[in-house]
2 protein chains.
Amino acid sequence: MTAASPQAALAQRFRAFLPDSSILVTETERRPYECDGLSVYRRLPLLVVLPEDINQVQRVLRICAELAVPVVARGAGTGLSGGALPLTDGVLLSLAKFNRILDIDPLNRTARVQPGVRNLAISEAVAEHGLYYAPDPSSQIACSIGGNVAENAGGVHCLKYGLTVHNIVQLGIVTMDGEQFTVGGTGLDAPGYDLLALMTGSEGLLGVIVEVVVKLLPVPDTAQVLLAAFDDVVPAGDAVGRIIGAGIIPAGLEMMDNPAIRAAEAFAHAGYPEDAAAILLCELDGSRAEVETDVMRVRKLLAQCGAREVRIARDADERALFWKGRKAAFPAMGRISPDYYCMDGTIPRHRLPEVLSGIETLSRDYGLPVANVFHAGDGNLHPLILFDANRPGELQRTEEMGGKILELCVAVGGSITGEHGVGMEKINQMCSQFSAAELTQMHAVKAAFDPAGLLNPGKAVPTLHRCAEFGAMHVHDGQLPFPELERF
Amino acid sequence: MTAASPQAALAQRFRAFLPDSSILVTETERRPYECDGLSVYRRLPLLVVLPEDINQVQRVLRICAELAVPVVARGAGTGLSGGALPLTDGVLLSLAKFNRILDIDPLNRTARVQPGVRNLAISEAVAEHGLYYAPDPSSQIACSIGGNVAENAGGVHCLKYGLTVHNIVQLGIVTMDGEQFTVGGTGLDAPGYDLLALMTGSEGLLGVIVEVVVKLLPVPDTAQVLLAAFDDVVPAGDAVGRIIGAGIIPAGLEMMDNPAIRAAEAFAHAGYPEDAAAILLCELDGSRAEVETDVMRVRKLLAQCGAREVRIARDADERALFWKGRKAAFPAMGRISPDYYCMDGTIPRHRLPEVLSGIETLSRDYGLPVANVFHAGDGNLHPLILFDANRPGELQRTEEMGGKILELCVAVGGSITGEHGVGMEKINQMCSQFSAAELTQMHAVKAAFDPAGLLNPGKAVPTLHRCAEFGAMHVHDGQLPFPELERF
C-alpha cells in the first residue's frame, strides 16, 4: 500500500467539511481553472475548492497553512495580468459560490455583498433606488467584485468616479492562518491604519476577501457623449489635456487610434470614421444644466484642437452606439489578428503624444502592429499588440515589446499598471518601478499578513533576487526619488 | 567625572551634523513642544531637533534607532488628539524647517512640497494658476501638510472633495532605521501595495514624512451658501439626509446647535438667529448653471423639512459672514466656558437625531453643557464639552463623558474619529472599535515598518493588554463583524 498523494491527502482533509461537489480533483474538472484572462500562462492547480461560507474558507486556509500548501484565490477569472494563475502544487480557492447580495442600505448608499457577486449585478440590484456602483471594468458583465477589489479595478468611468478603492468602504478578510476580521468602516474615516486601502489591489497576497461593502452613487440626471475625429493623434492627445485643464471632469474620456477604429467599426458598426487617425469619445454626466454647459465647452475645445469633425449623440440610442464600438474594441481585435496582447500602463497626460510615437517606433522595430485603445483622461494606456502565437518566437517577441512599452511608461513618470494589476505579467517591470528599499518594505508588509508566503506566491511583488536576474535599473519619475540627496 | 546624561550624549551625537541652533536642550527651549492642540496632556521632551534636509532626518533616526531612543515627529503642533505629544525620554523631531514648496505642475495639477509647508500656503502659491488644495481643516492657516497627512485631516469641504488621503498622490518617507523611499505615484494607480494610503493617517507610527505631492483642483467658477434656521434639531438632521439623498453633493454642509449658535454669534456677529435650535450652512460650488439649480433644490428641501427661515447669501461678503460664525465657533467657546473639550466622532448620517439626543442625555447625567458643531454632511460630529479645569475632578468627568460619546458613535455603526486622529486621546476607545484580531494585525503592520516600536510609541493603536485593562467589549456596527459565524 502506497502513501496517499498530496492531492488525495488534501482532498481527504477537505471532505470533513466540504461536499464532494465542492472539491474538484480530476484533470477535466480542474482544466477550466488553469488560467485567467491572461491565457498565455497556464497551470493546472493541484486541487480546486469551492467553499460557500466564511467558516469553510477559514478551515481550508488553516489546513493549507498547516500543510504549507500555497493558495491562489479566484473570483470570476477575468483578470488580465495572471493574478489568478494557479500553482501546480497549490490549491485554487474559488469564491464563485459567494454570490449573494447580503444587504442594501439606500439611506447610507452602501451595499454589503459577497465577493463572487458580479460587478454589474450590484448596479442591477440597486437600480430601483436610483443608485448604481460606479467602477465599470470592460468585463463588468462577468467580473466579480472580489476580483475587482483584489486588482483595484478601474474602467471607463474611473476618471470621474475613481478606482475600486474609492468606491468601497469595508471588507471582510480571512488571513492565511484562518483569522477573520473587518477592515474599513461605514463612517467617514476608519481610525487605525488604512488596511482597507492596503488590502485593495493587493492581488490576493495578503488575505482572502470574503465580504465587500460598496459605496453606491445616485444615477446622474443625464449624460451626453461627444465623438471627435482627428487626422493626427497628437492634437487628439492635446485635446485631452485641454479638456481636463479647463476644469471639466468627463465621466469618461476615451481615445482610439486608426487600427483600433477600423477593427471596432468592422465589428460593431458604430459609425466611426474609418479614415480618422484618432477619435475621442467624451462622456459628460450630471444635472441637465451642468451637462449642457460642458458639452458646449468641450465642443469648442475639440474644434480649437483641430478636430475635423465633432458629433454629439442625438439620443440615448446614438450614445449607446458611440460606446458600442469602444466596448467592442478588444473582442474586435480577433478579426484582424489571431492573438492580441493587452498592455496596461499609465503616464502623465501631457506625455501622451511622445509615448504614442515611442510605441509606434517599438511597433516598427519589432514588426508587430499595435492598436491603441485607452482611458486617455487618466492617461491609462491599453496598447493592444497584435501577434500570431503560432509563428515561432512571436509570443516571446510580443512579451518583450510589451515590457519595453511599460518601461517607457515608467521613464516618463507613469506606472506599469493602471487597472489590471501586476500579477505574473508585469512582475519584472516592478523592478524598474520600485527601488530595493521600496520592494523590501512591501515584502515586510506581506510578511505581516502571511509570514509563510503561502498566499498567491510569485505574483505582484518580485523578490530582489528576481530583480537582480532581470537586471533592471531602477528609475523613478525618470529621476532619483530625492534629487536633493545628490547634494550629500 | 560622571557619565554624560542621556540628553547630553544625544546632543553630542547630533552636533556632528546639526548646528547648535537646531538642537534644543534647555527647558525654556523645549517648553513650547510639551503639547500639541490637545493641551490637557503635557510632557517635556528629552530633546528637540529641527533638521532641515532629508539626510539630517535620516541621521537623526539612525542614531535614535541605534540608541533605542523613541522619536515623536511634529509638524505645526495643531493636532487635537495628542498625536504630537512628546515622550520625556524621547526626541521630538520637528519638521518646521521643511517649509519649501519644491515644484508646482499646473498641467498635471500637482505640487511637490515639504511637510512643514502650511496647508493654506499651498493654495496661496498655486492661486495664480486658478488651482487650490481642497482639504481645509479649521486650522488651515497654521497646520502643516505633513501633519495633515499623518492625521488624514479633513475639513468643511471634505464632504465633496475627500480627506487628505484623497488629495495626495505621493509621499517621501524616512523609516526609523533611516531608510528613505517614495510611496504612491503620479500615475493613475501605483502598483504594489497601497503604502500611500497606509502611511496616510498612520499618526507618525510607521515613518517620518519628508515630502508630499498633493493634488490640486481648479477653483470652482462660483459658490453659494444657504443658511437655514430650525426650531428643533431633529428636522435639521433630517434635512441633511434629504439633501444628500437627493443626490446633491454640497461643498460643505455644516450644523450648529443653539449653544454653538449663541457662542458664535456673540463672538463673530454673523447675524445668526440666536433663538434657533439649530442652523444648517449649505455651500454649493461648481459651474454657475449647476449652482443655481442646486440652490433652488436645496431651498425647497429645507422648507419641506420645516426650516423656519432660509437665507441665501446676497454676495461674497455675506457668504464670508455666514462662514465667519462657523469658523469662529471653537474660539468662541472661550467666551462661555473656561475650557472646552472637542470630540470628533462619525456616525451614519441617518442616526444623527438619536445620537444628538443621546449626547443631550449624557450632558444632563454628567452636568456638563455641550455645544454641537459638526460636519453634518458626512456625519462627522464635533461635540464641544464645556468644563472648568479648575474645578476638581471636572476634567476627568469631561474625559469620561467624551469617551461615552465616542462609544455611542461606535454603537450606531460609526467610528471614534472623523478627522482628528486617535493619538493619545482616543486610544482606549480603539478597544471598542476593533477586535483583538484586527488590533493584532495592525501591530504586525507597525512591526513591518518599525520593529523596535520607537516611532510615536503608545499612540493610535492600543496594546491588547491595555484594552484588557480598559475592559472594553468589542462591538462592530452594533453587531458581530460576521453574523453568519454564529451559525457554526
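Going by the structure above, here's the rest.
Residues numbered from 1 in each chain as written. Chains lettered and ligands numbered in written order. Predicted model: local features only at pLDDT ≥ 70, side-chain atom pairs only at ≥ 80, totals over all residues. Heavy atoms only, no water.

(A) Expanded view of the sheet that holds strand E3 (residues 71–74) of chain A. All names here are of chain A. Spatially, E1-E2-E4-E3 is the arrangement adopted by the four strands of the open sheet, whose pairing is mixed. Sheet topology places strand E1 (23–24) and E3 at the edges, where each strand pairs with a single neighbour. One ladder, built from three bridges, connects strand E2 (residues 47–49) with strand E4 (residues 91–94); its direction is parallel. Within E4, the residue paired with Val 49 across the bridge is Leu 93. Contacting E1, E2 and E4, helix H1 (residues 6–14) crosses the sheet at an angle of about 15 degrees to E2. Against the sheet, helix H3 (residues 54–67) touches E2, E3 and E4, its axis set at about 165 degrees to E4. (Pairing = 2+ DSSP bridges. Helix = DSSP H or I, 4+ residues; strand = E, 2+ residues; numbered from the N terminus. Contact = heavy atoms within 4.5 Å. Axes fitted to C-alpha atoms, helices over the stretch in contact; angles between N-to-C directions.)

(B) Representation of the nonpolar core. Leu 171, Met 255 and Leu 302 of chain A together with Leu 171, Met 255 and Leu 302 of chain B are the most contacted members of the largest nonpolar core, which totals 178 residues. Contacts of Leu 302 of chain B, omitting those with residues within four sequence positions, involve Leu 226, Ala 228, Phe 230, Ala 239, Ile 243, Leu 280, Ala 307 and Val 310 of chain B. (Core = buried A, V, L, I, M, F, W, Y, C linked by side-chain atoms within 4.5 Å. Buried < 20%, exposed > 50% of the residue type's maximum accessible area, 1.4 Å probe, protein only.)

(C) The arrangement of the side chain of Gln 224 of chain B in detail. All names here are of chain B. In this structure, Gln 224 sits in strand E12 (residues 222–230). Among the polar contacts made by the side chain of Gln 224, one reaches the main-chain carbonyl oxygen of Ala 313 at a distance of 3.3 Å. If we ignore the near neighbours within four places in the chain, the residues touching Gln 224 are Cys 282, Glu 283, Leu 284, Val 291, Val 295, Ile 312, Ala 313 and Arg 319. (Polar contact = N/O pair within 3.5 Å; in protein donor to acceptor, adjacent residues only side chain to side chain.)

(D) Up close: the pattern of salt bridges. Residues and elements named next belong to chain A. Going through the model one piece at a time under the given rule, you end up with 40 salt bridges over all chains. Between Asp 275 and Arg 308 there is a salt bridge; the shortest N-O distance is 2.7 Å. Taken together, the residues Asp 275 in the loop between helix H9 (258–268) and strand E14 (278–286) and Arg 308 in the loop between helix H10 (288–304) and strand E15 (309–312) connect sequence positions 33 residues apart. Residue Arg 308 is classed as partly exposed on the basis of its relative accessible area, which comes to 36%. The residue Glu 318 makes a salt bridge to Arg 314 at a minimum N-O spacing of 3.5 Å. Judged by relative accessible area, which is 13%, Glu 318 ranks as buried. Look at Arg 314 and you get exposed, because its relative accessible area is 71%. A single salt-bridge network, built from bridges that share partners, covers Glu 27, Arg 31, Glu 34 and Arg 42. (Salt bridge = Lys/Arg side-chain N within 4 Å of Asp/Glu carboxyl O.)

(E) Quick look at the packing of aromatic side chains. Residues and elements named next belong to chain A. Applying the stated criterion across every chain yields a total of six aromatic pairs over all chains. Judged by centre distance (6.2 Å) and plane angle (75 degrees), the ring pair of Phe 14 and Phe 17 falls under edge-to-face. In this structure Phe 14 comes out as buried when scored by relative accessible area, which is 0%. (Phe/Tyr/Trp six-rings, centres within 6.5 Å; stacked < 30°, edge-to-face > 60°.)

(F) Region of the structure containing the relation of the copies chain B and chain A. Under the fitted operation, chain B is carried onto chain A by 0.1 Å of movement along the axis and a turn of 180 degrees, and the coordinates agree to an RMSD of 0.0 Å. One copy is carried onto the other by what is essentially a two-fold rotation axis. A high fraction, 99%, of the interface residues of chain B reappear at the interface in chain A, so the copies pair face to face through one surface. (Least-squares fit on C-alpha atoms with pLDDT ≥ 70 in both.)

(G) Representation of the interface of chain B and chain A within the structure. On the chain A side, the residues contacting the 77 residues of chain B number 77 residues. Counting the surface lost from both chain B and chain A, the interface buries some 6700 Å², and carbon and sulfur atoms represent 60% of this. Linking chain B to chain A there are zero salt bridges. At the boundary of chain B and chain A, one finds six residue pairs in polar contact (both at pLDDT 80 or more). Per element, the largest residue contribution to the side of chain B that touches chain A is nine residues, and it comes from helix H16 (residues 436–449) of chain B. Per-class residue counts for the side of chain B that touches chain A are 33 nonpolar, 29 polar and 15 charged. (Buried area = accessible area lost by both parts, 1.4 Å probe. Nonpolar A, V, L, I, M, F, W, Y, C, P; charged D, E, K, R; others polar.)

(H) Fine view of the sheet that holds strand E9 (residues 180–184) of chain A. All names here are of chain A. Pairing is antiparallel across the open sheet formed by five strands, whose spatial order is E5-E6-E10-E8-E9. Bordering the open sheet on either side are strand E5 (101–105) and E9, each of which pairs with just one other strand. Strand-to-strand twist across the sheet, computed as the mean angle between neighbouring axes with direction ignored, equals 15 degrees. When strand E8 (residues 168–174) meets E9, the two strands line up antiparallel, connected through five bridges. What sits directly across from Gly 172, in E9, is Thr 182. The strands touched by helix H4 (residues 119–126) are E5, strand E6 (110–113) and strand E10 (208–215); relative to E5, the strand with the most contacts, the crossing angle is about 45 degrees.

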